[in-house]
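# Chain and residue survey
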Amino acid sequence: MPQRRPTLAEIAQEAGVSVPTVSKVLNGRLDVAAETRRQVERLLEQHRYQPRRHRDDRTVGLIDLVFLDLGSPWSMAILDGVEEVTHEAGFGIVVSAVHDRSRTRPGRKWLDNLQARNSDGVVLVLSELSAAQHAQLDALGIPVVVVDPVGDLAKGVPAVGATNWAGGVAATEHLIGLGHRRIATLSGPPDVMCSRARVDGYRSAMRDAGLAVPDDYIRYGDFLLDTGRTETAALLELPEPPTAIFAGSDQMARGAYGALFDRGLRVPDDVSVVGFDDLPEALWATPPLTTVRQPLRDMAQMAARMLLDLVGGDRPETTRVEMATRLVERSSTAPPKD
């Protein structure tokens, strides 16, 4: 029976160094201490490590990072996490955006450019590829890792996300625990997995508490401030407006703040608000926003490490990773007045 091929992570652990350091040695980088280089090279030879690559045995040292859009602090947190890992491994990043939020997929020109610059791999963020695009990248030997998948993924494509359902439950249970019974939710597009999961968590918590969920209490948007403002304004026009709102992003929560202010209402005196993400702006809000923290930077770092493993010829131990969310209580929630 053939001996199992060791992974980069196992070699790094045995050498007492990081995976990026082993990657640097493999790629001939000079910024590794001589003794460390000799130790890693000895282990690579001892284990007869040969990276599995479909194209050739050289890496260009370039990763494509594709966002749905770049206009939010959320995107910057992801970029920061990916850049830290790739920089340590000696890889550069090409950043691009789909821009058209109705499509979620990069166009043909992006794929042509990717192939022309011979990128080593792709991190997709809240965006997706068609089956044909996946097949073409696979044929080229270009691996893909997804952060916050939009829909069902092609078989074997690794993905990193957060415990969105649990986050939705925690946010809603917090509001229920304060005594709220009329709780509405604002979320992103209904066809996006993380958006659906947060709404499902909200529904589950409401159901378990024996609380009704009127259809008008679930509002979908695009995770951005303007739709948060618009959909909150619509909620306030209902015969029985909510006393609390769970927003599926901190930006939508900020939009809710704006709509409430426009009506002369105060947070949390008149309406409590919970967000999702725990971006820096959650602390800057007035009052500071209670929100569900998802570890965006950690998610991005995990995705980048998984991709570098694939570039080096290693398969990750698991292709689906969910990182834990947690509720961060601040001053935007309080018991209802009535």
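Refer to the preceding data block for the structure.
First things first, this report covers the structure right here in the doc. Quick caveat: nothing in here was measured; it's all calculated off a predicted structure.

Rules used in this analysis
- Residues numbered from 1 in each chain as written.
- Predicted model: local features only at pLDDT ≥ 70, side-chain atom pairs only at ≥ 80, totals over all residues.
- Heavy atoms only, no water.
- Helix = DSSP H or I, 4+ residues; strand = E, 2+ residues; numbered from the N terminus.
- Buried < 20%, exposed > 50% of the residue type's maximum accessible area, 1.4 Å probe, protein only.
- Contact = heavy atoms within 4.5 Å.
- Axes fitted to C-alpha atoms, helices over the stretch in contact; angles between N-to-C directions.
- Parallel < 35°, antiparallel > 145°, perpendicular 65-115°, else oblique.
- Left-handed = near helix turned anticlockwise from the far one by under 90°.
- Nonpolar A, V, L, I, M, F, W, Y, C, P; charged D, E, K, R; others polar.
- Pairing = 2+ DSSP bridges.
- Core = buried A, V, L, I, M, F, W, Y, C linked by side-chain atoms within 4.5 Å.
- Expected span 1.5 Å × (residues − 1).
- Patch = residues over 30% accessible without salt bridge, like charges linked within 9 Å, V, L, I, M, F, W, Y side chains within 5 Å.
- Areas by Shrake-Rupley, 256 points an atom, 1.4 Å probe, with all protein chains shown as cover.
- Salt bridge = Lys/Arg side-chain N within 4 Å of Asp/Glu carboxyl O.
- Phe/Tyr/Trp six-rings, centres within 6.5 Å; stacked < 30°, edge-to-face > 60°.
- Arc of directions from axis to C-beta.

### Notes on the overall build of the protein chain
- From N to C terminus, the protein chain includes 12 helices and 12 strands.
- Looking at the 338 residues of the protein chain, the share that counts as buried comes to 53%.
- Put simply, of all contacts in the protein chain between residues at least 6 apart along the chain, 73% involve residues at least 24 apart.

### Let's talk about the side chain of Thr232
- Its location among the elements puts Thr232 in helix H9 (residues 225–236).
- Aside from chain neighbours lying at most four places away, what touches Thr232 is Leu186, Ile245, Ala256, Ala259 and Leu260.

### Overview of the packing of H9 against helix H10 (residues 250–262)
- Relative orientation of the contacting elements H9 and H10 amounts to 45°, with a least axis distance of 7 Å. The orientation of H9 with respect to H10, classified from their angle, is oblique. H10 is crossed by H9, and the crossing has right-handed handedness. Across the interface between the two elements, Leu225, Thr227, Gly228, Arg229, Thr232, Ala233 and Leu236 of H9 pack against Gln251, Met252, Arg254, Gly255, Ala256, Gly258, Ala259, Leu260 and Asp262 of H10.
- Within the contact of H9 with H10, the residues separate by chemical class into seven nonpolar, six polar and three charged.

### Thoughts on the sheet that holds strand E5 (residues 159–162)
- With respect to topology, six strands assemble into an open sheet ordered E2-E1-E3-E4-E5-E11, the strand pairing being parallel. Sheet topology places strand E2 (92–97) and strand E11 (320–323) at the edges, where each strand pairs with a single neighbour. When strand polarity is set aside, the average angle formed by the axes of neighbouring strands in this sheet is 20°.
- One ladder, built from two bridges, connects strand E4 (residues 144–147) with E5; its direction is parallel.

### Thoughts on the nonpolar core
- With 83 residues, the main nonpolar core has Ile78, Trp110, Val122, Val125, Leu137 and Val144 as its most contacted residues.
- Here this core takes 10 residues from helix H12 (residues 296–311), the largest share from any one element.

### Here we look at H12
- Helix length check: H12, at 16 residues, gives a terminal C-alpha distance of 22 Å against a target of 22 Å (1.5 Å per residue), a fit within 8%.
- Counting buried residues along H12, 12 of its 16 residues qualify, which places the element largely inside the surrounding structure.
- Within H12, the full set of buried residues consists of Leu296, Met299, Ala300, Gln301, Ala303, Ala304, Met306, Leu307, Leu308, Asp309, Leu310 and Val311.

### Quick look at a nonpolar patch on the surface
- A contiguous nonpolar patch, built from Leu70, Met76 and Val95 and spanning about 220 Å² of accessible area, is present on the exposed surface.
- By the element assignment, Val95 lies in strand E2.
- Val95 sits in the partly exposed class, given a relative accessible area of 35%.

### Here we look at the sheet that holds strand E7 (residues 218–220)
- Strand order in the open sheet formed by six strands is E7-E6-E8-E9-E10-E12, with mixed pairing between adjacent strands. Of all strands in the sheet, those bounded by a partner on one side alone are E7 and strand E12 (326–328). Across the sheet, the axes of successive neighbouring strands diverge by a mean angle of 20°, strand direction being ignored.
- Bridge count between strand E6 (residues 183–187) and strand E8 (residues 244–247): four bridges; the pairing is parallel.

### What about the packing of aromatic side chains?
- Using the criterion set out here, one finds one aromatic pair in the structure.
- Centre to centre, the rings of Phe246 and Phe276 are 6.4 Å apart; their planes meet at 45°, and the pair counts as tilted. Here Phe246, found in strand E8, pairs with Phe276, found in strand E9 (residues 272–277); they are 30 residues apart in sequence, far enough to count as distant. This pair shows no difference in class: Phe246 is buried, exactly as Phe276 is.

### Some thoughts on the pairing of E8
- Judged by which residues are buried, E8 turns out to be covered on both faces: Ala244 and Phe246 on one side and Ile245 and Ala247 on the other are all buried.
- Taken together, the three bridges between E8 and E9 define a ladder with parallel strand orientation. By the bridge assignment for E9, Phe246 is matched with Val274.

### Observations regarding the environment of Glu281
- Within the fold, Glu281 resides in helix H11 (residues 280–284).
- On the accessibility criterion, Glu281 (7% relative accessible area) is buried.
- As a C-alpha pair, Glu281 and Arg254 span 27 residues in sequence and 8.8 Å in three-dimensional space.
- Excluding anything up to four places from it in sequence, Glu281 contacts Pro73, Asp250, Gln251 and Arg254.

### Comments concerning helix H3 (residues 34–46)
- Here H3 contains 13 residues, and its C-alpha end-to-end distance of 18 Å stays within 8% of the 18 Å for a straight helix at 1.5 Å per residue.
- Among the residues making up H3, those that are buried are Arg37, Val40, Leu43 and Leu44. Across the axial projection of H3, the buried residues extend over an arc of 135°, all falling on one side. Away from its buried face, by an angle of more than 90 degrees, H3 presents the exposed residues Glu35, Arg38 and Glu45.
- Directly after H3, the chain includes Arg48, whose backbone phi takes a positive value near 50°.

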